[in-house]
There are 2 protein chains.
Amino acid sequence: MSVAVVGAFAVLGEPSRLRILDHLRGAECSVGELVDRLGMSQPAVSKHLRVLRDAGFVSSRVAAQQRIYRIEPEPFAELEHWLAQYRRLWDRHLDALERHLDDQE
Amino acid sequence: MSVAVVGAFAVLGEPSRLRILDHLRGAECSVGELVDRLGMSQPAVSKHLRVLRDAGFVSSRVAAQQRIYRIEPEPFAELEHWLAQYRRLWDRHLDALERHLDDQE
DNA sequence: CAGGCATATAACCGGGAAGGCATGTTGTGA
DNA sequence: TCACAACATGCCTTCCCGGTTATATGCCTG
C-alpha cells in the first residue's frame, strides 16, 4: 500500500501543486483562471495539472475552448487511510499514558 | 498553514524515507538495524534520518555507541488536520448526493 | 475556410537532491 | 591512552524535475 502513497506524497510535495489544489478546493477552475491567480506561465500550470490528474487528484471536463478542472476526493481518502496507521500509534500512546496516570492515583 | 505541510509532503515523497517510517512504526530502531533491513549504505540512512528529524517525524536518543530513533506523532497530526479540509469537501458532496436521493423519493 | 483563443506538448536549461566514498567525531572497552 | 565501533558529515557525481520559450492541436467566430 505504501507503494502508491509515496507517489501521492511526491505529488503534494510541491508548493505550486498544493496552491493549485487550494484554489480548486474553493471551486472548479479553468486553466486560465489558475494562471492568473498563481502568476505562473500557462505551460507550467498545465504540466502541474497533468501530474495532478495522473495521480488522480483532479479531473478535467471540456467547456468550449477551455478545460475545467475539479478536485477528485479519492486520493485524499487513501492518504487519510494511510495516516490512520500512525494515528493508531498515537492513540495507543495516549491510552498507555492514561492507564499510567490511573495507576498513579 | 499549507506552507509547513508542503515540506512535510516533500519529506514523505521519498520511498526510502517512507520505508524507514514503516520500520519505525513497529518499534524503535538503531541506525545499524535500519541499514541492514533497507540494504542501503549507512551514510544514506543517516542522511534520511536527518531529514526526518529536521521535519519532526522522528527523534533520537543515545544508547551507548548507538542512536535509537523513534517516531514522533505530531507531524502526522498536522497532516491529518490539513487533510480534514478536503474531507469536509468529500462529506459535503455525499450530503448533497443524499439530499438529492431523498428528493427523488 | 481563415484567424484567433485556450490549452497541451516538445525541446532545452539550471538547480537541487539522492546516493556512494572517504573522513571526522564521539563513546567504549582493554 | 589506544583501538575499535557506531554514526554523522563533506565532497563529488549523476539524475530528475520545475520553469521558460517555442510550437502543435482543437474549437469557436466571422
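Structure: see above.
What counts, and where the lines are drawn
Residues numbered from 1 in each chain as written. Chains lettered and ligands numbered in written order. Predicted model: local features only at pLDDT ≥ 70, side-chain atom pairs only at ≥ 80, totals over all residues. Heavy atoms only, no water. Helix = DSSP H or I, 4+ residues; strand = E, 2+ residues; numbered from the N terminus. Contact = heavy atoms within 4.5 Å. Pairing = 2+ DSSP bridges. Axes fitted to C-alpha atoms, helices over the stretch in contact; angles between N-to-C directions. Near = heavy atom within 4 Å. Polar contact = N/O pair within 3.5 Å; in protein donor to acceptor, adjacent residues only side chain to side chain. Nonpolar A, V, L, I, M, F, W, Y, C, P; charged D, E, K, R; others polar.

Draft legend 1. Representation of the environment of Arg-61 of chain B within the structure. Residues and elements named next belong to chain B. Along the polypeptide, Arg-61 turns up in strand 2 (residues 58–63). For the pair Arg-61 and Ser-30, spaced 31 residues apart in the sequence, the C-alpha separation amounts to 9.4 Å. Discounting chain neighbours no more than four positions away, the residues touching Arg-61 are Glu-28, Gln-66, Arg-67 and Ile-68.

Draft legend 2. The sheet that holds strand 3 (residues 66–71) of chain A, seen in detail. Residue and element names in this part refer to chain A. Across the sheet, which stays open at both edges, the 3 strands sit in the order 1-3-2 with antiparallel pairing between neighbours. The sheet terminates laterally at strand 1 (29–30) and strand 2 (58–63), the two strands that pair on one side only. As defined by bridge partners, strand 2 adjoins strand 3 across 6 bridges and the pair is classed as antiparallel. Following the sheet pairing, Ser-59 is matched in strand 3 by Arg-70. On the sheet, helix 2 (residues 15–26) packs against strand 1, strand 2 and strand 3 and is oriented at approximately 90 degrees with respect to strand 3.

Draft legend 3. Summary view of the pairing of strand 3 of chain A. All names here are of chain A. Both strand 1 and strand 3 contribute to a ladder of 2 bridges, which runs antiparallel. By the bridge assignment, Ser-30 is partnered in strand 3 with Ile-68. Two successive antiparallel strands, strand 2 and strand 3, enclose a turn made up of 2 residues, where Ala-64 displays a positive phi of approximately 60 degrees.

Draft legend 4. A look at the protein's contact with DNA strand D. Every one of the 22 residues lining DNA strand D counts as a neighbour, but Lys-47 and His-48 of chain A together with Ser-46, Gln-66 and Tyr-69 of chain B are closest to it. Take the atoms of DNA strand D that sit within 4 Å of the protein: sugar and phosphate atoms are 62% of them. For DNA strand D, a base nitrogen lies 2.9 Å from a polar atom in the side chain of Gln-42 of chain B. Interatomic distance of 3.2 Å between a side-chain N/O atom of Lys-47 of chain B and a base nitrogen of DNA strand D. Looking at the surface near DNA strand D, the elements with two or more residues in it are helix 2 and helix 4 (42–54) of chain A together with helix 3 (31–38), helix 4 (42–54) and strand 3 (66–71) of chain B. The element contributing the most residues to the surface near DNA strand D is helix 4 of chain B, with 5 residues. Taken together, the residues that form the surface near DNA strand D break down as 7 nonpolar, 9 polar and 6 charged.

By themselves, these are just geometric observations and shouldn't be taken as functional.
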